[in-house]
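# Structure at a glance
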Amino acid sequence: MTPDPRHRWLDRFGAVGSLVCAAHCALLPVLIALLPSLGLAAWLSDGFEAGFVAFASLLGLSSLVWGYRRHRAMRALGLLLPGLAILWVGVLYAPLHHSVLPHAVAMTLGGTLVGLGHLINLRLNHGHVHDASCAH
């Protein structure tokens, strides 16, 4: 049985979204300096970021748990779960302490781990061969 095309799309969407998030967070200090002239305040707000992390969490968990049920390899979840934890710490901790650089580092690292988790899950699902060792 080949993987459902919707699940491949979810992993690709999650990987691209997470890596775009990581790039967004890496560029955050530069964008903050340019913010008044760019008019990007809504894209850099705490509410947008928390919503994006919640969406990434739901997408990542549903996609990678489905993938784990197929391939039974922990590598993808081993990157996704720490990545999500780092993202949530960055979203919940940084606004309380108004620390831009640690926040940007946490969000960049977390987004990168989540994106890599999606890419590994995509590869594991694509390379999955049904044989006697399958768990499903």
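Residues numbered from 1 in each chain as written. Predicted model: local features only at pLDDT ≥ 70, side-chain atom pairs only at ≥ 80, totals over all residues. Heavy atoms only, no water.

The next thing to look at is the side chain of Asn121. You can see Asn121 is positioned in helix H5 (residues 100-126). Residue classification places Asn121 among the buried positions, given a relative accessible area of 0%. Reaching out from Asn121, the side chain makes a polar contact with the backbone oxygen of Ser63 at a distance of 3.4 Å. Not counting chain neighbours up to four residues away, the residues in contact with Asn121 comprise Asp11, Ser63, Leu64, Gly67, Tyr68, His71 and Ala76. (Helix = DSSP H or I, 4+ residues; strand = E, 2+ residues; numbered from the N terminus. Buried < 20%, exposed > 50% of the residue type's maximum accessible area, 1.4 Å probe, protein only. Polar contact = N/O pair within 3.5 Å; in protein donor to acceptor, adjacent residues only side chain to side chain. Contact = heavy atoms within 4.5 Å.)

Once that is clear, we can look at the nonpolar core. Core analysis: the biggest nonpolar cluster contains 12 residues, these being Cys21, Cys25, Val53, Leu64, Ala76, Leu77, Leu80, Leu84, Leu87, Val91, Met107 and Val114. Secondary-structure elements contributing two or more residues to this core are helix H1 (5-26), helix H3 (46-71), helix H4 (75-97) and H5. Sort the elements by how many residues they give to this core and H4 lands first, with six residues. When residues no more than four places from it in sequence are discounted, the contact partners of Leu64 are Asp11, Ala76, Leu77, Leu80, Gly117, His118 and Asn121. (Core = buried A, V, L, I, M, F, W, Y, C linked by side-chain atoms within 4.5 Å.)

Moving on: the environment of Leu116. Mapped onto the elements, Leu116 comes out in helix H5. With 40 residues separating them along the chain, Leu116 and Ala76 place their C-alpha atoms 7.6 Å apart.

Within the fold, Glu49 resides in helix H3. If we ignore the near neighbours within four places in the chain, the residues touching Glu49 are His24, Cys25, Val91, His103 and Met107.

Among the structural elements, Ser63 can be located in helix H3. Beyond its immediate chain neighbours, meaning those up to four positions away, Ser63 contacts His7, Leu10, Asp11, His118 and Asn121.

This part covers the confidence of the model for the protein chain. Per-residue pLDDT for the protein chain averages 77, and the proportion of residues at 70 or more is 71%. Ranking the elements of the protein chain by mean pLDDT puts helix H2 (residues 28-38) last with 62 and H4 first with 86. (pLDDT = per-residue confidence, 0-100.)

In this structure, Ser62 sits in helix H3. Judged by its relative accessible area of 44%, Ser62 is partly exposed. Counting along the chain gives 55 residues from Ser62 to His7, while the straight-line C-alpha distance between them is 9.6 Å. Polar side-chain contacts of Ser62 include one of 2.9 Å to the backbone oxygen of Leu58.

Of note in this structure, Arg72 is not a glycine but carries a positive phi near 55 degrees. Mapped onto the elements, Arg72 comes out in the loop between H3 and H4. Classification of Arg72 by relative accessible area gives partly exposed; the value is 44%.

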